[in-house]
Amino acid sequence: MEGGEKTSKDISEIVSSLERNFAKYLENDEARYKNYLQIMARFHNYSVNNSMLIFMQRPNATYISSFSGWKSIGRKVKKGEKGIRIIAPVTIKVRQKSDEENQESPEEQEKLVAFRFAYVFDLEQTEGKELPFLSAAELTGKVPDYSK
């Protein structure tokens, strides 16, 4: 079990080093990092099926969003660009019927009805406001006693 203890200690040191270096990064440029997180939070996490559809249609895609999603962050889809077709759920809001009086309740609930095709676009298909990016070099540091 000595190897397991050493590995656990190594991981703890790496995590501690990462936390220290990241804290330094935040101190130096908190506003830039906050802006980065706000923009990146707007990007959707696609299902495995949609990720495969995106890859099959545009293998070099990096950042994907809908037409309105790009618009909301200050970018627009270039004229003539062909959208990437994915599968999107269609939901409707339905009011619940109350059993007691057989009347509709004021509460609405979303209900999945079907799926349809939707179109999304890659960053390269858009133009406008630059996105904030973090380079890998900004998040690197040395870990004591780590030889690799």
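Peer 1: I'd love a proper account of the packing of aromatic side chains, names of residues and values included.
Peer 2: Inspection of the entire model under this criterion finds one aromatic pair. The interplanar angle of 70° and the centroid separation of 6.4 Å between the aromatic rings of Phe 67 and Phe 121 together place this pair among those described as edge-to-face. Taken together, the residues span a long stretch of sequence, with Phe 67 in helix α3 (residues 67-72) and Phe 121 in strand β4 (residues 104-122) at a distance of 54 residues. Judged by relative accessible area, Phe 67 falls into the partly exposed class, the value being 49%.

Peer 1: Talk me through the nonpolar core; I want residue IDs and the actual numbers.
Peer 2: Listed in full, the eight residues of the largest apolar core are Ile 39, Phe 43, Trp 70, Ile 73, Val 77, Phe 121, Leu 123 and Leu 131. Residues Ile 84, Ile 86, Ala 118 and Val 120 belong to the second largest nonpolar core, which totals seven residues.

Peer 1: Tell me what's going on with a nonpolar patch on the surface, and back it up with residues and numbers.
Peer 2: On the surface, Ile 87, Leu 112, Phe 115, Phe 117 and Tyr 119 cluster together into a nonpolar patch covering about 540 Å² of accessible area. By residue number, the principal contributor to the nonpolar patch is β4, which donates four residues. Within the secondary structure, Phe 115 is located in strand β4. Overall, Phe 115 belongs to the exposed group, its relative accessible area being 56%.

Peer 1: Quick one: what's the story with the pattern of salt bridges, residue by residue and with numbers?
Peer 2: If you walk through the whole model with that rule in mind, you get one salt bridge. In this structure, Arg 58 and Asp 122 form a salt bridge, with 3.5 Å as the shortest nitrogen-oxygen distance. Of the two residues, Arg 58 is situated in the loop between α2 (48-57) and β1 (64-66) and Asp 122 in strand β4; the sequence distance between them amounts to 64 residues. Since its relative accessible area comes to 27%, Arg 58 is described here as partly exposed.

Peer 1: Give a detailed account of the environment of Tyr 63, specifying residues and quantitative values.
Peer 2: Looking at where Tyr 63 falls in the secondary structure, it is placed in the loop between α2 and β1. Using a relative accessible area of 25% as the deciding quantity, one classes Tyr 63 as partly exposed.

Peer 1: Tell me about the environment of Met 52, and please be specific about residues and values.
Peer 2: Residue placement: Met 52 occurs in helix α2. Along the chain, Met 52 and Ile 86 lie 34 residues apart, while their C-alpha atoms are 9.3 Å from each other.

Definitions and limits used
Residues numbered from 1 in each chain as written. Predicted model: local features only at pLDDT ≥ 70, side-chain atom pairs only at ≥ 80, totals over all residues. Heavy atoms only, no water. Phe/Tyr/Trp six-rings, centres within 6.5 Å; stacked < 30°, edge-to-face > 60°. Helix = DSSP H or I, 4+ residues; strand = E, 2+ residues; numbered from the N terminus. Buried < 20%, exposed > 50% of the residue type's maximum accessible area, 1.4 Å probe, protein only. Core = buried A, V, L, I, M, F, W, Y, C linked by side-chain atoms within 4.5 Å. Patch = residues over 30% accessible without salt bridge, like charges linked within 9 Å, V, L, I, M, F, W, Y side chains within 5 Å. Areas by Shrake-Rupley, 256 points an atom, 1.4 Å probe, with all protein chains shown as cover. Salt bridge = Lys/Arg side-chain N within 4 Å of Asp/Glu carboxyl O.

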